[in-house]
Amino acid sequence: MTRNVHPSRFNLLPLAERVKWSTSLRVGLALVLAAFWVLLPQERRTDGQGLLAVAMVVAWAALFAAAAPRFGRRTAIVAANIALLVDGLGLATALHAYGGVLGPVSVLMVLHVCGVSLLMSFRSGGKVAVWHALMVLCVLQAEQAGLLVVTRPAPFPLTGYVIFVVLLGSAALATSLYAALNERELRRRRYDAEVLRGLAVELETCNDLKQISTALARLAVDDLLAERALVIVEPSTDEEGYGLTFVEVGWPSLPDGLGADRPTGARGSVLADAEEVSVLARGLDPRRDAYLLDRLPGAQRLVALPLPLGPAGRGRLVLDMGTRRRVEHRMMSTLLQGIAHVGLALTRAQLVERLRLAAETDGLTGVANRKSFDVALAYHSARAARTGEPLAVILIDLDFFKKVNDTYGHQIGDEVLRAAAAALKGAAQDSELVARYGGEEFVVILPGVDVDNVWETGERFRRSVRDCSASVPVSCSIGIACQPPGGVTPGDLLHVADQALYLAKERGRDRVEVGRFTGEPLRASAVAAQYEGSARQVHSG
């Protein structure tokens, strides 16, 4: 999942809500003005008839603005702007009718500018301040020209008008600055919340350790503006780490040519210090932090944070902030919340992997179980029949295993099974699957091994069992079947391997026999005879 969010996409208050609160502001100003008119009659300058007419216009404009959001955003914006212009006309008329430029209405105008700056936008607040100043100037000039009649005429109040304009401008500027800082912080917090929500959605169904680690590294670089990020997950060596694997992920990608070395965690290194607490470092020590220097060359300002994995292992997130970025408290807070999400996702992925391994692994020996073997053999058999690639199956039976149980007890028998399974697993290559077939029998799938090399491969597994770490001597008999051209069913392949296994037992055990299908050339038998002859010569020498 790709997250592409930016603070500019967040409107902290929907337009309909802004219009609703602007209507509440108008109602509040109207009630205050009515209270002034009733409680302070000595400030009246007219009979109030013109003010009542303008108040009706303001009311209609307010109702239009309140209903406009139902007809779309553009209509709502136009209606809101018209309502603000009518507000200026109404307040200027109220200033003419009550108190003049230094009266209480001028204070209401200042409050109106503050409210518009907070509810609508900073630019709207500045425009309304200019509109109020122009409307008041027009009213004062009309009074001087006799176009507007007042009960107590007076000269043009230049000083009062200048004070009024300064108050309007100061209120608009101060409110805009304060609101800008506050809204910037709110936008950042909402942006961080959106980023964390996106991370949580991405991790909700992800159970792959590498994908989870990549999501955290990408969060730090793409959303929190670190230059580079490195995530390291190390499983514990005991049973608690079962199901967790070593993960090393960088964003952007790590440099090419890195070795397969693991973090050493030298005393005093950034990784060692960040196992339990967050670490800020201005640079890396070439000796103690050689691992990080290989993966983050040139890093100068680093932040290292631990991943909460509990007893299952340890993990760290290492960020290179570069020389131009300072570490902000907001970024650290968001990172810690993101790390908590990732820690839970990693723990869940470990549990899912444990369940998968439990379903596919034999509980006693640790190799694949019969169900996993059946699925794998069906897949490889069909693939070999389709592509013509060679395929062989090895059946392995521990010699005289019942005698081991009767003589030494079942606990020693279990130890022999575990030791033999570990030896077989250690002798297998990456493409070869070792599974427990049942009881003391094991089976190995050999993709890509042809008939000319299959006997030698069987000898490799026979020797591994003979040399295993069991507390009592153990050997095994091995039967091998190679899939012929055109393919056969998995059952037929196992049947031939089983016949070869019985042949190995009849011929003295502790040996390898290669079975063949009816009509198949005796190439495998000839190869086996050649190797057996060489082995006898070496033994006699």
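Before reading on, note that the structure itself is shown above.
Note that this is a predicted model, so its numbers are computed, not measured. (Residues numbered from 1 in each chain as written. Predicted model: local features only at pLDDT ≥ 70, side-chain atom pairs only at ≥ 80, totals over all residues. Heavy atoms only, no water.)

Draft legend 1. Up close: the overall build of the protein. Secondary structure summary: the protein contains 16 helices and ten strands in total. For a compact globule of 541 residues, the expected C-alpha radius of gyration is about 24 Å, and the protein comes in at 42 Å, more than 25% above that figure. Along the longest, intermediate and shortest principal axes, the C-alpha atoms of the protein span 135 × 55 × 40 Å. Counting across all 541 residues of the protein, residues that qualify as buried make up 45%. Counting every atom, the protein has about 28300 Å² of accessible surface; 58% of that belongs to carbon and sulfur. Of the side chains in the protein, 58 bear a positive and 56 a negative charge, and the two mean positions are spaced by 10 Å. (Helix = DSSP H or I, 4+ residues; strand = E, 2+ residues; numbered from the N terminus. Rg over C-alpha atoms; globule rule 2.2 N^0.38 Å. Buried < 20%, exposed > 50% of the residue type's maximum accessible area, 1.4 Å probe, protein only. Areas by Shrake-Rupley, 256 points an atom, 1.4 Å probe, with all protein chains shown as cover. Lys, Arg positive; Asp, Glu negative; His and termini not counted. Charge placed at Lys NZ, Arg CZ, Asp CG, Glu CD.)

Draft legend 2. Up close: the pattern of salt bridges. By the definition in use, this model includes 26 salt bridges. The salt bridge partner of glutamate 202 is arginine 218, with a shortest N-O separation of 2.4 Å. Of this pair, glutamate 202 sits in helix 6 (residues 158-204) while arginine 218 sits in helix 7 (residues 209-223); the two residues are 16 residues apart in sequence, bridging distant segments of the chain. Overall, glutamate 202 belongs to the buried group, its relative accessible area being 14%. Between glutamate 432 and arginine 460 there is a salt bridge, and its shortest N-O distance comes to 3.5 Å. Here glutamate 432, found in the loop between helix 13 (410-427) and strand 7 (433-438), pairs with arginine 460, found in helix 14 (residues 451-466); they are 28 residues apart in sequence, far enough to count as distant. For arginine 460, a relative accessible area of 22% puts it in the partly exposed group. Among the charged side chains, a salt-bridge network with shared partners connects Glu234, Glu275, Arg314 and Arg316. (Salt bridge = Lys/Arg side-chain N within 4 Å of Asp/Glu carboxyl O.)

Draft legend 3. Representation of the packing of helix 7 against helix 10 (residues 329-360). Two elements in contact, helix 7 and helix 10, have axes whose closest approach is 9 Å; the angle formed by their N-to-C orientations is 175 degrees. Judged by the angle between their axes, helix 7 and helix 10 are roughly antiparallel. Touching Leu209, Ile212, Ser213, Leu216, Leu219 and Ala220 of helix 7 are Leu335, Gly338, Ile339, Val342, Ala345, Leu346 and Ala349, all from helix 10. (Axes fitted to C-alpha atoms, helices over the stretch in contact; angles between N-to-C directions. Parallel < 35°, antiparallel > 145°, perpendicular 65-115°, else oblique. Contact = heavy atoms within 4.5 Å.)

Draft legend 4. Fine view of the side chain of arginine 45. Counting through the fold element by element, arginine 45 comes out in the loop between helix 1 (15-39) and helix 2 (49-67). Polar contacts involving the side chain of arginine 45 include one to the main-chain carbonyl oxygen of histidine 96, which spans 3.5 Å. Every residue in contact with arginine 45, bar those within four places of it in the chain, is listed here: Leu95, His96, Ala97, Tyr98, Gly99, Gly100, Glu143, Val149, Val150, Thr151 and Arg152. (Polar contact = N/O pair within 3.5 Å; in protein donor to acceptor, adjacent residues only side chain to side chain.)

Draft legend 5. Structural detail: unusual backbone geometry. The linkage connecting tryptophan 251 with the following residue, proline 252, adopts the cis geometry, with an omega of -5 degrees. Within the secondary structure layout, proline 252 lies in the loop between strand 2 (247-251) and helix 8 (270-273). Of note in the backbone geometry, phenylalanine 400 takes a positive phi value of approximately 55 degrees without being a glycine. Turning to its location among the elements, phenylalanine 400 is positioned in the loop between strand 6 (391-398) and helix 12 (401-408). At aspartate 510, a position not held by glycine, the phi torsion is positive, near 50 degrees. Residue class for aspartate 510 comes out partly exposed when judged on its relative accessible area of 31%.

Draft legend 6. Representation of the pairing of strand 8 (residues 441-447) within the structure. For strand 8, a buried count of five out of seven residues is recorded, marking the element as mostly surrounded by other parts of the structure. As paired elements, strand 6 and strand 8 share seven bridges and run antiparallel to each other. When the sheet's bridge partners are listed, isoleucine 396 is paired in strand 8 with phenylalanine 442. With five bridges connecting them, strand 7 and strand 8 associate as antiparallel partners. Counterpart to alanine 435 in the pairing with strand 8 is valine 443. Taking the residues that link successive antiparallel strands as the turn, the strand 7-strand 8 hairpin has two residues, and the phi of glycine 439 there is positive, at about 60 degrees. (Pairing = 2+ DSSP bridges.)

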